[in-house]
Amino acid sequence: SAAPARHESARFDVQVARVGSAEPHVGVVAAGGGPIVGRAAVVERLERALDLARAGRRQMVLLTGPPGIGKTTVVDAFLARVAACGEALIGQGQSVEQYGSGEAYLPVLEAWGRLCRDDVSRSLVQELQRRAPSWLAQLPSAGGGGRSGAPADAAGATTRDRMLREMAELVEAVSGDRLLVLALEDLHWSDHSTLDLVSYLAERREPARLLLLGTFRPEETMDGSHPLRAIAQRLRARDRCDEVRLEALSEADIAEYLAGRFPDASVPRSLARLLHARTEGHPLFVVNVLDYLLREGAVREEVGQIVFRDTADALPAGLPESLRRMIDRQVEALDEEDRRVVEAASVAGVDFCVATVAAALEEEPDAIEERCEALAWRGRMVRGHGVEEWPDGTVSGRYRFLHALYQEALYGRTAEARRVRTHKRIALRKEAAFGERSGEIAGELAAHYEAARDAQRAVAHHARAGDNAIARHASHEAVDHLSRALALLPRVPGTDRERAELELSLLVKLATPLMSTRGYGAQEVEQVFERARVLSSNLPSGPHLLPLLRGMVSFRHVRGQNRIARAIGEELLALCATSDDRVAEVQAHYGQGALLYDLVELPAARHHLELALGLYDPATHPAHVSRYGGYDPGVACRCWLAWVSWLEGQPDTARRLGEEAIALAHELGHPLTLNFAHLASALVHLYRGETDEAEAQLDAAETISRREGFVYQDALAALSQGWITLVRGRGEDAVRQLEVSLARLDATGAGLARPGFLTLLAFAKALCGRLDEALAHVDDGIAEATRTEQPLHLIELHRAKGEMLSWSGAEAAEVERWLTTAVELARALGARSHELRAATSVARLWIARGERERAQALVAPLVASFSEGRATRDVRDAAALLA
């Protein structure tokens, strides 16, 4: 039968498909497309009730939940599955909202009218004539009412008891041969007569193959005078009814919905996360908000994937008009005082407490508490959410809007001037209540003062919230707060000098979390440092200077601007020599040691890194993170010392230091530092030829970087994964991985180690037989390493050039020149591991032309100099060559 009009959700179409000989499978899709999800447990309970009804045990199930939660969707899906089996008579009826008394038995009459229209044999009409003439008289479409005779007469002479008895006998007669399913929706709007009938049918003890399926909204029955509430309680108490409440969808449910809605596209998990956050899993809201984002072009399908027009954070926050109208109707149904309360509460936020609303309305809390409690008890707009206590001793009830979109809609209804005043009252009250502990709610106060147009207080609290976020290792949140503070700065009263000092302090705070989230070499980071440098040159030295210089060393280093970085690092070291700031001194030596490693000044690098470790105290970790950001020095110095040790020919020491770094990073619990420790350890394993161990470390690093949004570190991990693919001999896969990952690295503005990754790309293309392209990458790498002063990579690039020229059939003399230059470079820099690798390549060339003794004289002393790491790949390869 045709489905009645639906009031509470988007239109849904039912699709039924058979798979082999299995029972029909039902999928319910929204008008925009997508499956029903998150209701497996509900459908299972309906199936269980259906099985009992088949066995002759009459059943009643009530599906409950707020508007749009999907009650109609579940009913339609279930009835479609039953209809597809062809075993049941199915009648559907729906109550409608009335002003005044509704028409008696309306949904029941609608259900039987549909059943009779679908009854080709007219057997149901005959049963009505025989057993329920009073009902037939009210069904003109079935042949009753408009004709002369008994049915019409019966309708005029009927009584309530007779109507109940006739329907009970009719149901029991009809369900003797076939399963009968009666679905009555929106019973909260039903007339009393229908509810009496439902109760009567459910409580009869005579056998019947009957399933009564009803839906209602609990919040509409919270008034003690509503009969459905008492009936449902009585039926449940007598075990004559199963009440099933539909809950909101989880993020996983929404992800499943999106996969069905876009079956031919890859959907980012962030879209499910965003929809869940915006809608709290309310199905109607999910569908409408997604449709709205698609209409606005904020989300679109492109070449097999769903993409955001901007970032997920920049998606429009407006409400679809259909939802706004629905919420507006519910708001208008409240009395004037209740509307004032919820509108003021919407300014406080999705979660609010009575004391906040009382401050907003400048009224006594007790009166507000009574109204919130009554609204929650009736299920209108809000629900209880515990108790809140403030430091000044204030204790009040806490409430939460049933959906975040209710709060958004109410907030939009409030006049702008009133919103400004309300935000100010709330902020002042809460700041006074928290007093010295106001830093605990700095983010909330910042938002209220910003909305209240009090820029001075908003900036102060945004800055404090940024500090809190940095201390909690929440880099993205820190960037958001500090960026907001900087944007509000022009509106802060004061002199130009005062604003410049405040701006400089904010920029220094912003630089470190910005490097973590955008990448150390990102353009935004450069802009922050350039502006900070200009400001600092016009202001006297202050506490900002040391963190600023340290940040600039990291920025220039990662950009591959090593000469500039070295000069700034020396300036920082000189300042620290006259300072008693131990944290700054650790940072200065750590930064200079890392830089000197890349310049392959290994003794000097080791000196500074070991000095930093000697001065470092793990208890100072919070100070390093809050003032300097980046990696913790205790962990990072071990990582760089591991690489120094490997270069100097101590592979086992390098591995041990990497393991120590990971252990300390786990203790500290700083995500960025732990990510770096895994990356550093992975590189040590790759140097040693341990690809499986390297892969495990890279997997751990990628998990952290993607969870935390560390774009620079994620690009490094992806490039290192390409290295593993290359070592495993999958050239084409390695080329694809390395090219994509190198583009991602370039997008961060980083230049550090880029020549090394060009070496890997060259080897990958050479493995695929693309030698011309490979040699071009080598030449680019040599030019870049020379320009950016990264001599470490020149060793491998020269070795790569010699190897590839050999494979291309070049003159032996030219091949030898490139390979021996690699050996000489490594020897001059003290990079013994690189020297061994390059020397092995030279020796292989000499052996091929019969110069075994010369090869032996080159490689044997190098192998003998390795007092550890005899099992590593390079040492094994060299030893095998000698043998």
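Residues numbered from 1 in each chain as written. Predicted model: local features only at pLDDT ≥ 70, side-chain atom pairs only at ≥ 80, totals over all residues. Heavy atoms only, no water.

Further remarks concern the overall build of the chain. Each helix and strand counted, the chain has 41 helices and twelve strands in total. Taken against the 2.2 N^0.38 rule, which gives 29 Å for 883 residues, the C-alpha radius of gyration of the chain at 37 Å runs more than 25% over that of a compact globule. Once the C-alpha set of the chain is aligned to its principal axes, its extents read approximately 120 × 70 × 40 Å. Per-residue burial over the chain gives 55% buried out of 883 residues. In the chain, 68% of the contacts between residues at least 6 apart in sequence involve partners at least 24 apart. Looking at the chain, you have 105 positive and 126 negative side-chain charges, and the mean spots of the two groups are 2 Å apart. (Helix = DSSP H or I, 4+ residues; strand = E, 2+ residues; numbered from the N terminus. Rg over C-alpha atoms; globule rule 2.2 N^0.38 Å. Buried < 20%, exposed > 50% of the residue type's maximum accessible area, 1.4 Å probe, protein only. Contact = heavy atoms within 4.5 Å. Lys, Arg positive; Asp, Glu negative; His and termini not counted. Charge placed at Lys NZ, Arg CZ, Asp CG, Glu CD.)

As summarised here, the arrangement of the five strands in space is S4-S5-S6-S3-S7, forming an open sheet in which the pairing is parallel. Each of the sheet's edge strands pairs with one partner strand only, and the pair in question is strand S4 (88-94) and strand S7 (242-245). For this sheet, the mean inter-axis angle between neighbouring strands, taken without regard to orientation, is 15°. Of the pairings in the sheet, the one linking S4 to strand S5 (residues 179-185) comprises seven bridges and is parallel in character. Bridging from a neighbouring strand, Gln 94 pairs with Glu 185 of S5. (Pairing = 2+ DSSP bridges. Axes fitted to C-alpha atoms, helices over the stretch in contact; angles between N-to-C directions.)

With that settled, consider the packing of helix H4 (residues 123-131) against helix H7 (residues 160-174). Interhelical geometry of H4 versus H7 gives an angle of 140° and a closest axis separation of 10 Å. Accordingly, the angle class assigned to the pair H4 and H7 is oblique. Relative to H7, the crossing made by H4 is right-handed. Of the residues in H7, those touching H4 at Leu 124, Glu 127, Leu 128 and Arg 131 are Glu 166, Glu 169, Leu 170, Ala 173 and Val 174. (Parallel < 35°, antiparallel > 145°, perpendicular 65-115°, else oblique. Left-handed = near helix turned anticlockwise from the far one by under 90°.)

Here we take up helix H3 (residues 106-117). Counted at 1.5 Å a residue, the expected span for H3 with its twelve residues is 16 Å, and the 16 Å between its end C-alpha atoms agrees. Burial analysis of H3 places nine of its twelve residues in the buried class, the great majority of the element. Pro 107, Val 108, Leu 109, Ala 111, Trp 112, Gly 113, Arg 114, Leu 115 and Cys 116 are the residues of H3 that are buried. (Expected span 1.5 Å × (residues − 1).)

Moving on to the side chain of Asp 581. Looking at the secondary structure, you find Asp 581 in the loop between helix H25 (562-577) and helix H26 (582-598). The buried category is assigned to Asp 581, whose relative accessible area is 17%. Here Ala 584 takes part through its backbone nitrogen, which lies 3.0 Å from a polar atom of the side chain of Asp 581. When near neighbours in sequence (up to four residues on either side) are disregarded, Asp 581 contacts Leu 546 and Arg 627. (Polar contact = N/O pair within 3.5 Å; in protein donor to acceptor, adjacent residues only side chain to side chain.)

These values are about where atoms sit, not about what they do.
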